Amino acid sequence: MIDGLSGGTSAEVARLERSRNYLWPGAVAEAVRAWAGHVRLPRGRTWPHAGCAPCYCCPDPWESRESLDRVARALSRRGARELRRVVARHDQLWDPAPAPYRDEGPW
């Protein structure tokens, strides 16, 4: 279950998870959790987290974010809009430029 999605969109996501070979039941919720957890990390911590590098037991947040875009493209307009709204709330927390470098340079 993903907070912010209607019942119809949740059902559509579940159907998509069953019909696509790159997804599994719960894959979209897992991707949302992975991305949400990553954007809330303290500045300077990146993936893989300490202790997870060799086994890759934690989902890759960048692959998760790309997967959410792929899923949004496969959903209906309404479903895609709802999923993108959920993801956008987390995207707003992501700030790739540290504070001293904001508003400088090409980034």
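Note that the structure is predicted; figures quoted are calculated from it, not measured. (Residues numbered from 1 in each chain as written. Predicted model: local features only at pLDDT ≥ 70, side-chain atom pairs only at ≥ 80, totals over all residues. Heavy atoms only, no water.)

**Some details on the nonpolar core**
The biggest cluster of nonpolar side chains holds 20 residues, and the ones touching the most others in it are I2, L5, V28, L68, V71, L75 and L83. Those elements giving two or more residues to this core turn out to be α1 (7-19), α2 (27-39), α3 (61-74) and α4 (77-91). With seven residues, the single largest contributor to this core is α2. Look past the residues within four positions of I2 in its chain and what remains in contact with it is V28, A29, V32 and V86. (Core = buried A, V, L, I, M, F, W, Y, C linked by side-chain atoms within 4.5 Å. Buried < 20%, exposed > 50% of the residue type's maximum accessible area, 1.4 Å probe, protein only. Helix = DSSP H or I, 4+ residues; strand = E, 2+ residues; numbered from the N terminus. Contact = heavy atoms within 4.5 Å.)

**Considering the pattern of salt bridges**
Applying the stated criterion across every chain, the model contains three salt bridges. D69 is the partner of R65 in a salt bridge, and the nearest nitrogen-oxygen pair spans 2.7 Å. Of the two residues, R65 and D69 both sit in helix α3, four residues apart, roughly one turn of that helix. A salt bridge links R65 to D91, with the nearest nitrogen and oxygen atoms 2.7 Å apart. One end of the pair, R65, is in helix α3; the other, D91, is in helix α4, and 26 residues separate them in sequence. A residue is classified by how much of its surface remains accessible, and D91, at 26% relative accessible area, is partly exposed. What emerges from the salt-bridge pattern is a single network uniting R65, D69 and D91. (Salt bridge = Lys/Arg side-chain N within 4 Å of Asp/Glu carboxyl O.)

**Comments concerning the packing of α2 against α4**
Across the interface, α2 lies against α4 with an axial gap of 9 Å and an inter-helix angle of 20 degrees. Judged on the interaxial angle alone, α4 and α2 are roughly parallel. Handedness of the α2/α4 crossing: right-handed. Here V28, V32, W35, A36 and V39 of α2 come into contact with α4, specifically with L83, V86, H90 and D91. Of the residues assigned to the contact of α2 with α4, the class counts are seven nonpolar, one polar and one charged. (Axes fitted to C-alpha atoms, helices over the stretch in contact; angles between N-to-C directions. Parallel < 35°, antiparallel > 145°, perpendicular 65-115°, else oblique. Left-handed = near helix turned anticlockwise from the far one by under 90°. Nonpolar A, V, L, I, M, F, W, Y, C, P; charged D, E, K, R; others polar.)

**Digging into the packing of aromatic side chains**
The relative placement of two aromatic rings is captured by the distance of their centres and the angle of their planes. This structure, assessed with the given rule, holds one aromatic pair. Their ring planes at 65 degrees and their centres at 5.2 Å tell us that W35 and W62 sit as a pair that is edge-to-face. Pair noted here: W35 is in helix α2 and W62 is in helix α3, with a separation of 27 residues, a long-range link. Residue W35 is classed as buried on the basis of its relative accessible area of 3%. Note that R70 overlies the ring of Y22, its terminal NZ or CZ placed 5.0 Å from the centroid. (Phe/Tyr/Trp six-rings, centres within 6.5 Å; stacked < 30°, edge-to-face > 60°. Lys NZ or Arg CZ within 6 Å of the ring centre and 35° of its normal.)

In short, the description is geometric, and any link to function would need to be established separately.
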